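Now for the letters of each chain:
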Amino acid sequence: MPCSSSCPPGLLALMAPGLALMATFSLPSQAGDRRALPVEKPPGVKGRTLILLDVNTKSPVRIISENFLSLQLDPSIIHDGWLDFLSSRRLVTLARGLAPAFLRFAGKRTDFLQFHNVKNPAKSRGGPGPDYYLKNYEDARSLDKLYNFADCSGLHLIFALNALRRNPNNSWNSSNALSLLKYSASKKYNISWELGNEPNNYRTLIGRSVNGSQLGKDYIQLRSLLQLIRTYSRANLYGPNIGRPRKNVIALLEGFMKVAGSTVDAVTWQHYYIDGRVAKVTDFLKTRLLDTLSDQIRKIQKVVNTYTPGKKIWLEGVGATSAGGMNNLSDSYAAGFLWLNTLGLLASQGIDVVVRHSFLDHGHNHLVDQNFNPLPDYWLSLLYKRLIGPKVLAIHVAGLQRKPRPGRVIRDKLRIYAHCTSYHNHNYVRGSITLYIINLHRSRKKIKLAGTLRDKIVHQYLLQPYGKDGLHSKSVQLNGQPLAMVDDATLPELKPRPLRAGRTLVIPPLTMSFYVVKNVNALACRYR
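Keep in mind the model is a prediction, meaning the values are calculated, not measured.

Enquirer: Which parts of the structure should I look at to understand the sheet that holds strand β17 (residues 445-449)?
Expert: Sheet strands line up and pair through hydrogen bonds in the backbone, either parallel or antiparallel. Pairing in this open sheet of four strands is mixed, and the strands run β14-β1-β17-β22 from one edge to the other. Either end of the sheet is taken by a strand with one partner, and the two such strands are β14 (395-399) and β22 (505-507). The sheet shows a mean angle of 25° between the axes of neighbouring strands, direction not considered. When β17 meets β22, the two strands line up antiparallel, connected through three bridges. In the strand pairing of β22, K446 is matched with V506.

Enquirer: What's the story with the packing of helix α6 (residues 247-260) against helix α8 (residues 292-307) in this structure? I'm lost.
Expert: When two helices pack together, their arrangement is given by the angle between the helix axes and by the axis-to-axis distance. Put simply, α6 and α8 touch, their axes get as near as 9 Å, and they point 25° apart. Viewed along their axes, α6 and α8 adopt a mutual orientation that is roughly parallel. Classified by chirality, the crossing of α8 by α6 is right-handed. Each of I250, L253, E254, M257 and K258 in α6 lies in contact with α8, whose residues at this interface are K299, I300, V303, V304 and Y307. Tallied by class, the residues present in the contact of α6 with α8 amount to seven nonpolar, no polar and three charged.

Enquirer: Would you mind going over the state of the cysteines with me for this structure?
Expert: A covalent bond between the sulfur atoms of two cysteines is what we call a disulfide. Tallied over the full model, the rule gives one disulfide. With its sulfur 2.0 Å from that of its partner, C420 forms a disulfide with C525. One quick way to see it: the torsion about the S-S bond of C420 and C525 is about -80°, and its sign makes the bridge left-handed. Here C525 lies in the segment after β23 (511-517) and C420 lies in strand β15 (residues 414-421), a separation of 105 residues in the sequence. Side by side, C420 and C525 carry an identical accessibility label, which is buried.

Enquirer: What am I meant to see in the packing of helix α9 (residues 336-348) against helix α10 (residues 376-387) here?
Expert: Contact pair α9 / α10: the axes reach a minimum separation of 10 Å and the direction vectors enclose 30°. Accordingly, the angle class assigned to the pair α9 and α10 is roughly parallel. The element α9 and its partner α10 pack so that their crossing is right-handed. Contact residues: α9 offers G336, W339, L340 and L343, while α10 offers D377, L380, S381 and Y384.

Enquirer: Even after reading the chapter, I still don't get the packing of aromatic side chains, so can you show me in this structure?
Expert: Centre distance and the angle of the planes are the two values used to describe a pair of aromatic rings. Counted under the stated rule, the structure contains 16 aromatic pairs. A ring pair is formed by F149 and F359, whose centres lie 6.4 Å apart and whose planes are at 40°; its orientation type is tilted. Of this pair, F149 sits in helix α2 (residues 141-153) while F359 sits in the loop between β12 (353-357) and α10, and the two are 210 residues apart along the sequence. Across the pair, exposure class does not vary: F149 and F359 are buried alike. For the pair Y436 and F514, a centre-to-centre distance of 5.4 Å together with 40° between the ring planes defines the contact as tilted. Residue Y436 is located in strand β16 (residues 433-439), and its partner F514 is located in strand β23; the two are separated by 78 residues in the primary sequence. There is no split in this pair, since Y436 and F514 are both buried.

Cut-offs used in this document
- Residues numbered from 1 in each chain as written.
- Predicted model: local features only at pLDDT ≥ 70, side-chain atom pairs only at ≥ 80, totals over all residues.
- Heavy atoms only, no water.
- Pairing = 2+ DSSP bridges.
- Helix = DSSP H or I, 4+ residues; strand = E, 2+ residues; numbered from the N terminus.
- Axes fitted to C-alpha atoms, helices over the stretch in contact; angles between N-to-C directions.
- Parallel < 35°, antiparallel > 145°, perpendicular 65-115°, else oblique.
- Left-handed = near helix turned anticlockwise from the far one by under 90°.
- Contact = heavy atoms within 4.5 Å.
- Nonpolar A, V, L, I, M, F, W, Y, C, P; charged D, E, K, R; others polar.
- Disulfide = S-S within 2.5 Å.
- Buried < 20%, exposed > 50% of the residue type's maximum accessible area, 1.4 Å probe, protein only.
- Phe/Tyr/Trp six-rings, centres within 6.5 Å; stacked < 30°, edge-to-face > 60°.

In C-alpha cells:
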C-alpha cells in the first residue's frame, strides 16, 4: 500500500543499527580478546587518567542484524477499536527516525484479539466489546492503518496471532488466523508472523496451560497455513516469545524446541529488569542489576544450541520495568543506563535483534508518550541508529591509576563498547569507529585513546539530562543543546562536538556518550 502524502521525507539513508562490546573485566567471556596494553604511562598522560583504550580493528567479533534495534507496539494502543492516530505525521517522522527496524505488534492483549470481517463488530453477538478487535469495516481499516504506518516508516511488520483460540483437545484453532492471513495476502502485505505472547502465562490468563510440545505443534500448524498461501509461503515465523527463563519456562522452551525448533526463523524471549511497583531511581545505577540479563542470555542460548545449534536468538520485548513501568522513572533519563547497556550486552553475546517494548504509549516504558513527544530513550535510540553499524569490535583496556586500588568499581561502573560506524552515516568515511560509554560513577572519568585510535580526530555526542529534574528528567541535551523536534516532519540535527586529535576523553558523572573516531581506516569497517 502506498504511503499517504503526509508521510515525512525519508531519513533512512542516515540510519542503521549495530552494536558494541562491553569492557567489564569481570565478564571476560563476553568481551572477546582482552590482551592488556602496557601500563607504562606514555608521554603526556597524567596520573589522573584512568583508562587506556584501544580497539581491535582487524576483524569484528560479532555481526548482528541491520535491524538490531527494533520496536514493539502493544495492542493496548487500540483506542475504541481504532488505530487512526497511527496516520499522524509526527508519529511517522519519529518512527522513521529509527528505521530500518522490525515493528512487532504484540503484547498481553494479543491472545484476546480477533479479526472480524464484518461491517460492524460492535453489533456481533457475544464476545467482548469492539475495543478487543482489529475492526474490519469492509476494508479491515485498523489492519490497513497498522500496515501503512509500518510501511511509511520504513519498518517491517511482525504480527502476533491469537494463540488462545483452542479446540476442545487443546490444539490451536486456526480459523480466525486464516481469515486474517487471507485478507493480508489479498492486499499483498509483506508481514512476518508469530503465534501468541508469553505462553508461560496462559494458566494465569485463562486457567488453562499450553505445554511446550503442544505449542510446537501449533507453530508447525501455522507454518503449514503460511505455506498454503502464496504470499506467505516464504514468510518468516518467530517464537515462542517466552517470559523470563525460570525453571518452568525453560521446560516449556525445551518442549517447544524438540518439536518446532527448526520451524521458526529465530527463537524469542522477553526480559524486564525491575518490578515497576518498587523501582527507585537508584535502581538504574546498580551494576548488579545491569548484569542480570547476562545470565538469562546464557540460559536461553544453552537450550537453543542443544536442539538447533546456530539458530538466531532475539530478545523480543524488553523494558526497564514490568507492570507497564513507573512514571518519572522508566520514562526518564535514568532508564537510559539500562537501555544502552542492554544493547551492548546483547550484541556482545550474539543476540541478533532486540525489540524495545514499547515504541508508543504503553505504561511508562515507551519511547514516545501519548502526546507524541519523544522521551530520553528515544533520543538515545536515535543516536544509536545514526552512529552504530552492525559490526561489533573487541576492545583492549588498561587502567592507569595514581594509587593502586581494586579495579572492581571502575570496571563495573565504566562500561565501554566499540563497533564500526554506521555505513549509512555519510558524515563519516568507511573505516571509522564509534565508541559509546556509560559512566555510572558520581565523578568524571578520563580515557586516553591508544594504539590505532591514538592521535585521531574524535567527534563527541554527550547526552545529559536537561532541566532541574536531573536523572528524573524527561528531556535531554546533546553537547549542551536541548533536543526537540523542529516540526512534525523534521527531527533536529544531531551536531557533534569535535575534539582535537590526541585529546583525552573526559566522561562526566552519570552520563551516556558516543565518540566517533574518524579516519581510523579500520580493516574490519571498510566493507559491508
